[in-house]
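These are the residues of each chain, in order.
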Amino acid sequence: MSRIEKRFAQLKADKRAGLVTYITAGDPDAEISYQILKGLPAAGADLIELGMPFTDPMADGPSIQLAGQRALKAGMTVDKTFDMVRRFRKETGDNDTPILLMGYYNLIYQRGPEKFCKDAAAAGVDGFILVDLPPEEADELKPHATANGLDTVLLTAPTTDDVRLPAVLKFASGFVYFVSVLGITGTKSATEEAVRTHVERIKRHTRLPVGVGFGIRTPEQAAAVARHADAAVVGTAIIDHVKAGLDDKGKAKPELVPGVFAYIKALADGVRGVRKA
Amino acid sequence: MSSTPNSYRIGPDERGHFGIFGGRYVAETLMPLILDLEKAYNEAKADPQFQGELKYLLTQYAGRPSPLYFAQRLTEKLGGAKIYLKRDELNHTGSHKINNVLGQVLLAKRMGKTRVIAETGAGQHGVATATVCALFDIPCVVFMGSVDVDRQAPNVARMKMLGAEVRPVTAGASTLKDAMNEALRDWVATCENTFYCIGTVAGPHPYPAMVRDFQCVIGDEVRKQMMEAEGRLPDTLVACIGGGSNAMGLFHPFLDDPTVRIFGVEAAGRGLDTEEHAASLTGGRPGVLHGNRTYLLQDREGQITEAHSISAGLDYPGIGPEHSWLKETGRVEYVSATDDEAVEAFQLLCKLEGIIPALESSHAVAYAAKLAPTLPKDNLLVINLSGRGDKDVPQIAERLGMKI
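Residues numbered from 1 in each chain as written. Chains lettered and ligands numbered in written order. Predicted model: local features only at pLDDT ≥ 70, side-chain atom pairs only at ≥ 80, totals over all residues. Heavy atoms only, no water.

A. Seen up close, the packing of helix H9 (residues 207-215) of chain B against helix H10 (residues 217-230) of chain B. Residue and element names in this part refer to chain B. It is the contact of H9 with H10, at a shortest axis distance of 5 Å, that shows an interaxial angle of 35°. Across the interface between the two elements, Asp213, Phe214 and Gln215 from H9 touch Val217, Ile218 and Gly219 from H10. Along the lines of polarity and charge, the residues of the contact of H9 with H10 split into 3 nonpolar, 2 polar and 1 charged. (Axes fitted to C-alpha atoms, helices over the stretch in contact; angles between N-to-C directions. Helix = DSSP H or I, 4+ residues; strand = E, 2+ residues; numbered from the N terminus. Contact = heavy atoms within 4.5 Å. Nonpolar A, V, L, I, M, F, W, Y, C, P; charged D, E, K, R; others polar.)

B. Expanded view of the sheet that holds strand S9 (residues 236-241) of chain B. Residue and element names in this part refer to chain B. Taken in spatial order, the 6 strands make up an open sheet running S3-S4-S14-S9-S10-S13, and their pairing is mixed. Sheet topology places strand S3 (68-70) and strand S13 (333-338) at the edges, where each strand pairs with a single neighbour. Each strand of the sheet is rotated relative to its neighbour by a mean of 30°, with strand direction disregarded. In terms of strand pairing, S9 meets strand S10 (residues 261-269) through 6 bridges, oriented parallel. Within S10, the position partnered with Thr236 by the bridge is Arg261. This element, H10, spans S3, strand S4 (82-86) and strand S14 (380-384) of the sheet and lies at about 140° to S4. (Pairing = 2+ DSSP bridges.)

C. Seen up close, the pattern of salt bridges. Tallied over the full model, the rule gives 52 salt bridges over all chains. Between Asp47(B) and Arg110(B) there is a salt bridge, with its nearest N and O atoms 2.9 Å apart. Residue Asp47(B) is found in the loop between helix H1 (31-45) and helix H2 (48-60), and its partner Arg110(B) is found in helix H4 (residues 97-110); the two are separated by 63 residues along the sequence. Overall, the relative accessible area of 38% leaves Arg110(B) in the partly exposed class. Through salt bridges with shared partners, a single ionic network connects Asp79(A), Arg111(A), Lys115(A) and Asp119(A). (Salt bridge = Lys/Arg side-chain N within 4 Å of Asp/Glu carboxyl O. Buried < 20%, exposed > 50% of the residue type's maximum accessible area, 1.4 Å probe, protein only.)

D. How the structure looks around the domain arrangement of chain B. All names here are of chain B. Considered domain by domain, chain B is made up of domain 1 (17-58 + 97-211) and domain 2 (64-94 + 217-399). Listed per partner, the contact involves 41 residues of domain 1 and 42 residues of domain 2. Buried area between domain 1 and domain 2, both sides added, is near 3,300 Å², and the carbon and sulfur share of it is 60%. Here domain 1 is connected to domain 2 by 1 salt bridge. (Domains from an automatic or database assignment. Buried area = accessible area lost by both parts, 1.4 Å probe.)

E. The arrangement of unusual backbone geometry in detail. Pro12(B) follows Gly11(B) through a cis peptide bond whose omega is 0°. As for its placement among the helices and strands, Pro12(B) is situated in the segment before strand S1 (17-18). Across the junction of His205(B) and Pro206(B), the peptide omega takes the value 15°, indicating a cis bond. Structurally, Pro206(B) is set in the loop between strand S8 (194-196) and H9. In this structure, Phe214(A) takes a positive phi of about 85° despite not being glycine. Unlike most non-glycine residues, Thr93(B) shows phi in positive territory, near 80°.

F. Examining the pairing of strand S12 (residues 291-296) of chain B more closely. Residues and elements named next belong to chain B. Of all 6 residues that make up S12, 6 are buried, and the element is covered over most of its length. Pairing analysis gives 2 bridges linking strand S2 (residues 21-25) to S12, with the strands arranged antiparallel. Paired with Gly22 across the two strands is Arg293, which belongs to S12. Strand direction decides the pairing type here: strand S11 (residues 285-289) and S12, joined by 5 bridges, are antiparallel. Across the sheet, Arg285 pairs through a bridge with Leu296, a residue of S12.

G. Geometry of a nonpolar patch on the surface. Together, Ile356(B), Val393(B), Leu400(B), Met402(B) and Ile404(B) line one region of the surface with nonpolar side chains, adding up to about 460 Å² of accessible area. With respect to the helices, strands and loops of the structure, Ile356(B) is situated in the loop between helix H14 (339-353) and helix H15 (359-371). (Patch = residues over 30% accessible without salt bridge, like charges linked within 9 Å, V, L, I, M, F, W, Y side chains within 5 Å. Areas by Shrake-Rupley, 256 points an atom, 1.4 Å probe, with all protein chains shown as cover.)

H. How the structure looks around helix H13 (residues 321-329) of chain B. All names here are of chain B. The element H13 is largely enclosed, with a buried count of 7 among its 9 residues. Within the span of H13, buried status applies to Pro321, Glu322, His323, Ser324, Trp325, Leu326 and Thr329. Just downstream of H13 lies Gly330, where phi reads positive at about 85°.

I. The interface of chain B and chain A, seen in detail. Taken together, the contacts link 39 residues of chain B with 40 residues of chain A. Taking both sides of the interface into account, the surface hidden between chain B and chain A amounts to around 3,100 Å²; carbon and sulfur atoms contribute 48%. When the buried area of chain B at its contact with chain A is split by residue, Glu28(B), Arg185(B) and Glu301(B) rank highest and sum to 24% of it. Where chain B touches chain A, the interface holds 4 salt bridges. The tally of links from chain B across to chain A stands at 24 residue pairs in polar contact (both at pLDDT 80 or more). At the level of elements, S2, H1, helix H8 (176-190), S11 and S12 of chain B are the ones that each hand at least two residues to the side of chain B that touches chain A. Tallied by class, residues from the side of chain B that touches chain A come to 17 nonpolar, 11 polar and 11 charged. (Polar contact = N/O pair within 3.5 Å; in protein donor to acceptor, adjacent residues only side chain to side chain.)

J. Region of the structure containing the side chain of Arg212(B). All names here are of chain B. Relative to the elements of secondary structure, Arg212 occurs in helix H9. With a relative accessible area of 6%, Arg212 lands in the buried category. Each residue touching Arg212, except ones within four places of it in the same chain, is listed here: Gly11, Pro12, Phe18, Val201, Tyr207, Met248, His252 and Glu322.

K. Geometry of the nonpolar core. Among the nonpolar cores identified, the biggest contains 196 residues, and Phe128(A) and Tyr177(A) are the most heavily contacted of them. In terms of residues, this core owes the most to one element, helix H12 (residues 256-272) of chain A, which gives 8 residues. Split by domain, the residues of this core number at least three in each of domain 1 (17-58 + 97-211) and domain 2 (64-94 + 217-399) of chain B. In this structure, Tyr177(A) is in contact with Glu49(A), Met102(A), Ile129(A), Val153(A), Leu154(A), Leu155(A), Thr156(A), Gly211(A), Gly213(A), Phe214(A) and Val233(A), ignoring residues within four places of it in sequence. Counting 33 residues, the second largest nonpolar core, distinct from the first, contains Ile83(B), Val238(B), Leu352(B) and Leu375(B). (Core = buried A, V, L, I, M, F, W, Y, C linked by side-chain atoms within 4.5 Å.)

Shown next as structure tokens:
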């Protein structure tokens, strides 16, 4: 069983949905970013998405675009992202919280899919969410991911109809990420009814857990998603709290890290307040 | 990669790959739409009514065929190959871009789309898209890097006059790459009613093949016109390359004619030995961006680096995937011309032939000016004059210290 499978099995046993939190690795710099990463499980994150900053994040809205630029400017690299994960596993002794790398395929392609998967697994990474790698192009990565015990979480969208879903699910493992709105990250929110309908539809095709993301900003919205899905994914709103903790020169104020944790705790309370059957 | 294919003209495969290049690297939200587009395009391509309407518009609206003009004074001055200019700068809107836009907007209409978006660098594709959208009464939004908005002001005004909304993009270096990112972001949110009219032979499949097909009218005409003028095929073809659509349109019909030597001219900016150029084939390596795998300017990790060219239309760190494949197979020779060489060629053509070429096309003229003297007098050399330079007049005037 992978860490992701174990975590969802535990959530099911606890009769609740999970909270998946996204942060951009290296935002606003490597050290502060690590301090955030280290404290995420205690703040209430059940799974962690670690964004690999990329110069051209074509599926991301302004918040995550700027986070990536801050990280790159501060010198973030793929190796340093692996270092963050390695340090997390070693220093916290947390060997249960899954960490997924999220980002764009070119960074993986340049290192080589095989080497990337080996290095990621060795650092303690559990899987990938790759925005620009649809199932049509996933065969180059999938065998190396599988060989290294890494899950490939594929995205489904409102436009992914019942005919197409099986083709997407064929490459999916860990969980299925439902992008709940048409659009880039952090711009729009789906209605609870739309989330319910789509999650039910996806679950007719798979036994994998379903996480829902895009546009979740408040504990109430997180709770609404938790009523229907196995996990709520929050990204942009967390990044906005990171940004709010920066001074005029882009340096972290002392309240940045605690501010992020307080916000995540509120989200977690929202998610955990929903009892599941 | 080294084995010679039976034909250079059969790509891409059913998944949109030219060798290892091309493909469909897009967000899942877009995938179903892209598959629909591919299906709709294949149906339109086989439909005589669609082809008939396109032919009518190319002829009566765009003014095709464009002349194949023997540039006598340029030929005499350079003292080598016999130089012909394919006058695609004479098309309505002033460049080859209209060939592709007419095809795509007709397709958008056929698919029932009610809004068209486009990215633009120099503004030529933006102007062509704004023009055809005005003709078909379809709302049009053009994304353009804010740096390009400044250096191509005449084209920005033209797009606005034609009723398009121009959205300046300030992300990254604020040039063509960033405009394309922003257009893709808009499309993810609006794909149900919006058609993304890509201006070059890049992006996810089927765009590289579809745009190429629409641009092949250039090479098809040259083939016929050269037979009429000289009774045989040309010996040498030269075209500039940013994304590479005018070049692909000229080259593709000749790829299986082994006697025809083909040159694609990339923008060398301030020099290939500097970091300020846009020569992705010469200075880059394969990577994944904007929906396809192709040669890209990037750092060791895979972060995309900024391109530089005096010409906004060539200022792009990637290139169409079919060009990447043609480079690796060796069928096309990829060379380059610097900013300074392009400006010199711009002036050369103004003074010798009374033609003001676009800065983009000036790169092709610049390389041809180096190549022609090395070739025999009976070598028939065609330069694709893909755009006219009216839009560049303020920029060149400033560079030459003229007051306007």
